[in-house]
Amino acid sequence: MSEQAIVDRIISDAEKEAQAIIAEAEKRAAATVASAKERAERRLKGEKQSADRKAESILEGKAATARLDSAKILLAEKRALIDEVYARALKNLSDISKTEALRLFEKLIAEFAEEGDEIVFAENFRYAQDAAKLAIIKDKKLTVSSQKADIDGGFLLVGKSSDKNLSYSALLSADREVNQADIAAKIFSV
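Quantities reported herein were computed from a predicted structural model and do not represent experimental measurements.

Draft legend 1. Geometry of the overall build of the protein. Looking only at helices and strands, the protein features 5 helices and 4 strands. Taken from the N to the C terminus, the helices and strands of the protein come in the order α-α-β-α-α-β-β-β-α. The C-alpha radius of gyration of the protein comes to 46 Å, more than 25% above the 16 Å expected for a compact globule of 190 residues. Principal-axis analysis of the C-alpha atoms gives the protein an extent of 150 × 40 × 20 Å. Taking the contacts inside the protein whose residues are at least 6 apart along the sequence as the reference set, 76% of them involve residues at least 24 apart. Surface exposure of the protein reaches about 14,000 Å², of which carbon and sulfur atoms provide 54%. Side chains of the protein carry 32 positive and 34 negative charges; the gap between the two charge centres is 3 Å.

So, in structure tokens, the structure goes:
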């Protein structure tokens with residue numbers, strides 16, 4: 001073989017080997033790109049799922065907050081309605097007839113007064129003079145104060161061992177503690 005043929009053969013073999021190396025490199029590069037693309041797609045899918053879960057969690061949290069806020073508003077409105085019920089009851093108690101007022105006064109004295117207590121009527125108790133003349137006052141040996149109390153109707157019993165607030169607002173407050181749930185159930189049962 002001639003020198004040129006040998007050189008051509010070396011160059012030809014080198015070119016074939018270079019093409020084989022390039023082909024192998026391109027094959028590895030394509031595999032690397034495919035693998036990277038697959039990892040990127042998996043990661044993208046995972047990130048989308050994670051974002052969807054976070055968005056759902058945020059929406060659930062917002063919905064829960066909205067439900068809680070709604071429940072708070074509803075509860076406030078229910079309380080306002082019950083407040084109105086008791087405000088009307090207080091007005092009705094303040095406007096009761098003389099007979100009813102004296103009957104209530106006598107019942108409260110019989111139940112709560114102790115011998116020797118002093119009765120302090122509310123400034124707005126219209127039937128104080130009539131109540132002071134009832135026989136139960138003498139029977140229980142009670143005294144009537146010339147002073148008036150700044151309370152919503154009714155009276156106070158000032159005693160040796162304890163004082164008792166029998167104002168209409170105190171009576172309604174005690175009633176509310178006991179009966180509020182039943183009243184709410186009757187009003188709001190729909």
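Draft legend 2. A nonpolar patch on the surface, seen in detail. Judged by side-chain polarity, Leu81, Val85 and Ile187 come together as a nonpolar surface patch covering roughly 200 Å² of accessible area. Structurally, Leu81 is set in helix H1 (residues 3-94).

Draft legend 3. Highlighting the pattern of salt bridges. Considering all chains together, one arrives at 8 salt bridges under this definition. Glu24 serves as the salt-bridge partner of Arg28, at 3.6 Å between the closest nitrogen and oxygen. Residue Arg28 and its partner Glu24 are located together in helix H1, separated by 4 residues, close to a single helical turn. The class of Glu24 is partly exposed, set by a relative accessible area of 35%.

Draft legend 4. Representation of the sheet that holds strand S1 (residues 118-121) within the structure. Read across the open sheet, the 4 strands follow the order S2-S1-S3-S4; overall the sheet is mixed. A single partner strand is all that each edge strand has here, and the edge strands are strand S2 (143-144) and strand S4 (163-166). In this structure, S1 lies alongside S2, joined through 2 bridges in parallel fashion. Within the sheet, the bridge partner assigned to Glu118 lies in S2 and is Thr143. Across the sheet, helix H2 (residues 98-112) touches S1, strand S3 (155-158) and S4, and the angle it forms with S3 is around 25 degrees.

Draft legend 5. Region of interest: unusual backbone geometry. Despite not being glycine, Lys141 shows a phi value in the positive range, around 55 degrees. One can find Lys141 in the loop between helix H4 (135-139) and S2.

Draft legend 6. Quick look at helix H5 (residues 168-188). Its 21 residues place the ends of H5 only 25 Å apart at the C-alpha level, less than the 30 Å of an ideal helix rising 1.5 Å per residue. The largest bend in H5 amounts to roughly 65 degrees and is located at Asn179. Among the residues of H5, Tyr168, Leu172 and Ala184 are the ones counted as buried. Where the residues of H5 are buried, they touch H1, H2 and S4.

Draft legend 7. Fine view of the packing of H1 against H5. H5 packs onto H1 with a crossing angle of 135 degrees between their chain directions and a minimal axis gap of 10 Å. Between H1 and H5, the angle falls in the class oblique. For the crossing formed where H1 meets H5, the hand is right-handed. Between H1, through Lys78, Arg79, Leu81, Ile82, Asp83, Val85, Tyr86, Ala89, Leu90, Leu93 and Ser94, and H5, the contact on the second element is made entirely by Tyr168, Ser169, Leu172, Asp175, Arg176, Asn179, Gln180, Ile183, Ala184, Ile187 and Phe188.

Criteria and cut-off values
- Residues numbered from 1 in each chain as written.
- Predicted model: local features only at pLDDT ≥ 70, side-chain atom pairs only at ≥ 80, totals over all residues.
- Heavy atoms only, no water.
- Helix = DSSP H or I, 4+ residues; strand = E, 2+ residues; numbered from the N terminus.
- Rg over C-alpha atoms; globule rule 2.2 N^0.38 Å.
- Contact = heavy atoms within 4.5 Å.
- Areas by Shrake-Rupley, 256 points an atom, 1.4 Å probe, with all protein chains shown as cover.
- Lys, Arg positive; Asp, Glu negative; His and termini not counted.
- Charge placed at Lys NZ, Arg CZ, Asp CG, Glu CD.
- Patch = residues over 30% accessible without salt bridge, like charges linked within 9 Å, V, L, I, M, F, W, Y side chains within 5 Å.
- Salt bridge = Lys/Arg side-chain N within 4 Å of Asp/Glu carboxyl O.
- Buried < 20%, exposed > 50% of the residue type's maximum accessible area, 1.4 Å probe, protein only.
- Pairing = 2+ DSSP bridges.
- Axes fitted to C-alpha atoms, helices over the stretch in contact; angles between N-to-C directions.
- Expected span 1.5 Å × (residues − 1).
- Bend = angle between axes of the 7 residues up to and from the residue.
- Parallel < 35°, antiparallel > 145°, perpendicular 65-115°, else oblique.
- Left-handed = near helix turned anticlockwise from the far one by under 90°.

Worth remembering: the numbers are spatial, not functional.
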